[in-house]
Protein chains: 2
Amino acid sequence: MTYNEFKKLVNLSKEEISGQILERNRDSIKVKKEKKVIDNLIRIIDATLAICSKKSFQAMSIRDLSAESGLSRGALYSYFTNKEELLILIQSQGREIAYRVLTEQIAKGNDPVEKLRLAIKSHIYLSEAMRTWFYFTYIEARNLPKDEQKRAIESELLTEKIFIDIINEGIKEEAFRDVNVALAAAVIKAMLQDWYLKRWKYRNRKVSVDNYADFVIYVAESTLLIK
Amino acid sequence: MTYNEFKKLVNLSKEEISGQILERNRDSIKVKKEKKVIDNLIRIIDATLAICSKKSFQAMSIRDLSAESGLSRGALYSYFTNKEELLILIQSQGREIAYRVLTEQIAKGNDPVEKLRLAIKSHIYLSEAMRTWFYFTYIEARNLPKDEQKRAIESELLTEKIFIDIINEGIKEEAFRDVNVALAAAVIKAMLQDWYLKRWKYRNRKVSVDNYADFVIYVAESTLLIK
DNA sequence: CAAGAAAAAACGGACATCCGTCTTTTTTCT
DNA sequence: AGAAAAAAGACGGATGTCCGTTTTTTCTTG
């Protein structure tokens, strides 16, 4: 699987994502026409992610968001009840999509070696397709209120659990060496995250997403496969 | 080398660090008595790092800092000209220490394999000894003004260059496989950073700093050493 | 050593500005 | 025309910074 194949495979239209947000937040969204809501949610989220790739969410004012999205401050407050809820809304939706796509993809693998490759590729490709979203989710997690922060941590551990399970399975089937599983999963995750956290670096060096994914797989397999 | 040995080896007293800050910023510090400056710089930096481990630098108000440090708002402004300069001050000093300690340690290695181990251990041990400092430097880098941001990026690339050089040397001496050097250095760096970015995770799992360093070395050597 | 003067450092009120949010008014769409 | 949506404006509160004043420390002089 290459990145282009992945993109065709996984449909991640903005309309669909905003539709899901509407479903989950009907109560707090005051505008009734569904088409309007979806259009404006897209504008709001696009604007938020664009601004927050340059400065922090805290530093982004509602006035900034108004200017970037083209909606007035008053109008914005028809789509979320307060600024913090906007943060939570984007974060929780981001986590939801990531987990869903990841589990869907890995289910296609037949053995641990194939599953590990699929998991690595899916994660990197997904973070590439939703670059700004992933960056935002990671970098702004610490500004969430306590209970949402807890959910973010659970989500991080859940993703890691996927790798832990694959590696354990591989050890049981004697395809992988008997390494410290939790640590192996943790460092693989660290490598995956580097792709969207240090995007500027890889762009400058002209490292393609396929190059990067292949290299992470190489490192993981060098560490895990029976010699 | 273990973490405890490293800590004894590298003297990182707060007084020394604050003394260096004073040297580099004499112009903007209005207080004259050296002892006073050093004492209060320690209080200010400790307070800043403590607050910013819980919320962002932006979210920390000068009033917060005043309460935590025990200095009045007016007094604080005798040690920096504005809030942004305080951020720059801590960041640039953090980078300076990190680079100095790292290069000092690696110079002790005799061959690429030994140097690589030393570089990995030094980096992880240093980030452990200066945990809050490293976290702050990483997480708040994006809130720096443009020109300081550039310096932070240069510093990141400089650290990575250390690993690139070691790996290149290893390949030339036929101790390492002929891998993509830049990518190998990048993913090693990603693993190193995970130690201080996800400190809570490793603490919960009771992974010691020595455990972690050994595992990263294991991954790096599995990837690089000739089979 | 003591005591008063001078210098240094710390304090904290004041101010302009900006921000999130709420309310009221205007515009748009059916 | 009437309901829905957007825009505009107002408001209270918080923030960074300045600066006149007070407190602490250091120096000087007997």
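Further up the page is the structure itself.
Residues numbered from 1 in each chain as written. Chains lettered and ligands numbered in written order. Predicted model: local features only at pLDDT ≥ 70, side-chain atom pairs only at ≥ 80, totals over all residues. Heavy atoms only, no water.

Observations concerning the relation of the copies chain B and chain A
- Each copy superposes on the other: chain B lies on chain A with an RMSD of 0.1 Å after a rotation of 179° and an axial shift of 0.0 Å. Seen this way, the second copy is the image of the first under a two-fold rotation axis.
- Most of the interface of chain B is mirrored in chain A: 100% of its interface residues are interface residues there too. (Least-squares fit on C-alpha atoms with pLDDT ≥ 70 in both. Contact = heavy atoms within 4.5 Å.)

Observations regarding the protein's contact with DNA strand C
- Among the 22 residues in the neighbourhood of DNA strand C, the closest are listed as Ile62 and Tyr77 of chain A together with Asn40, Ser72 and Gly74 of chain B.
- The share of sugar and phosphate among atoms of DNA strand C within 4 Å of the protein is 62%.
- Between DNA strand C and Arg73 of chain B, the relevant distance is 2.8 Å, taken from a base oxygen to a side-chain nitrogen or oxygen of the residue.
- One of the backbone nitrogen or oxygen atoms of Gly74 of chain B is found 3.2 Å away from a base oxygen of DNA strand C.
- The set of elements that each furnish at least two residues to the surface near DNA strand C consists of α4 (62–69) of chain A together with α3 (34–52) and α5 (73–76) of chain B.
- No other element matches α5 of chain B, which puts three residues into the surface near DNA strand C. (Near = heavy atom within 4 Å. Polar contact = N/O pair within 3.5 Å; in protein donor to acceptor, adjacent residues only side chain to side chain. Helix = DSSP H or I, 4+ residues; strand = E, 2+ residues; numbered from the N terminus.)

What to know about the environment of Thr81 of chain A
All names here are of chain A.
- With respect to the secondary-structure elements, Thr81 resides in the loop between α5 (73–76) and α6 (83–106).
- A relative accessible area of 37% means that Thr81 is categorised as partly exposed.
- For the pair formed by Thr81 and Lys30, sequence separation is 51 residues and the distance between their alpha carbons is 9.2 Å.
- Of the polar contacts made by the side chain of Thr81, one reaches the side chain of Glu85; its length is 3.1 Å. (Buried < 20%, exposed > 50% of the residue type's maximum accessible area, 1.4 Å probe, protein only.)

A word on the packing of aromatic side chains
All names here are of chain B.
- Across all of its chains, the model carries 20 aromatic pairs over all chains by this definition.
- Look at Tyr138 and Tyr196: their rings are 6.5 Å apart centre to centre, the planes differ by 70°, and that puts the pair in the edge-to-face class. Here Tyr196 lies in helix α10 (residues 181–197) and Tyr138 lies in helix α8 (residues 131–139), a separation of 58 residues in the sequence. Across the pair, Tyr196 and Tyr138 agree in class, each one buried.
- Note on Phe215 and Tyr218: the rings are 6.1 Å apart at their centroids and 45° apart in plane angle, and the pair reads as tilted. (Phe/Tyr/Trp six-rings, centres within 6.5 Å; stacked < 30°, edge-to-face > 60°.)

Some words on the pattern of salt bridges
- Scanning all chains against the criterion turns up 40 salt bridges over all chains.
- Ionic pairing is found between Asp64 of chain A and Lys55 of chain A, a salt bridge with its closest N-O pair at 2.9 Å.
- Of the charged contacts, one joins Arg117 of chain B and Glu221 of chain B as a salt bridge, the two residues approaching to 2.6 Å between their closest N and O atoms. Placement of the pair is Arg117 of chain B in helix α7 (residues 112–129) and Glu221 of chain B in helix α12 (residues 209–224), with a sequence separation of 104 residues.
- When its relative accessible area of 13% is taken as the criterion, Glu221 of chain B is described as buried.
- Where salt bridges share partners, they join Glu156, Glu160 and Lys189 of chain A together with Asp194, Lys198, Lys201 and Arg205 of chain B into one cluster. (Salt bridge = Lys/Arg side-chain N within 4 Å of Asp/Glu carboxyl O.)

Description of the packing of helix α6 (residues 83–106) of chain B against helix α9 (residues 146–172) of chain B
Residue and element names in this part refer to chain B.
- Between α6 and α9, the least distance of the axes is 11 Å, while the angle of their chain directions is 10°. With respect to α9, the element α6 is oriented roughly parallel. The segment α6 lies against α9, with Ile88, Ser92, Arg95, Tyr99, Leu102, Thr103 and Ile106 engaging Glu148, Arg151, Ala152, Ser155, Leu158, Thr159, Ile162 and Ile166.
- Across the contact of α6 with α9, the residue classes tally to eight nonpolar, four polar and three charged. (Axes fitted to C-alpha atoms, helices over the stretch in contact; angles between N-to-C directions. Parallel < 35°, antiparallel > 145°, perpendicular 65-115°, else oblique. Nonpolar A, V, L, I, M, F, W, Y, C, P; charged D, E, K, R; others polar.)

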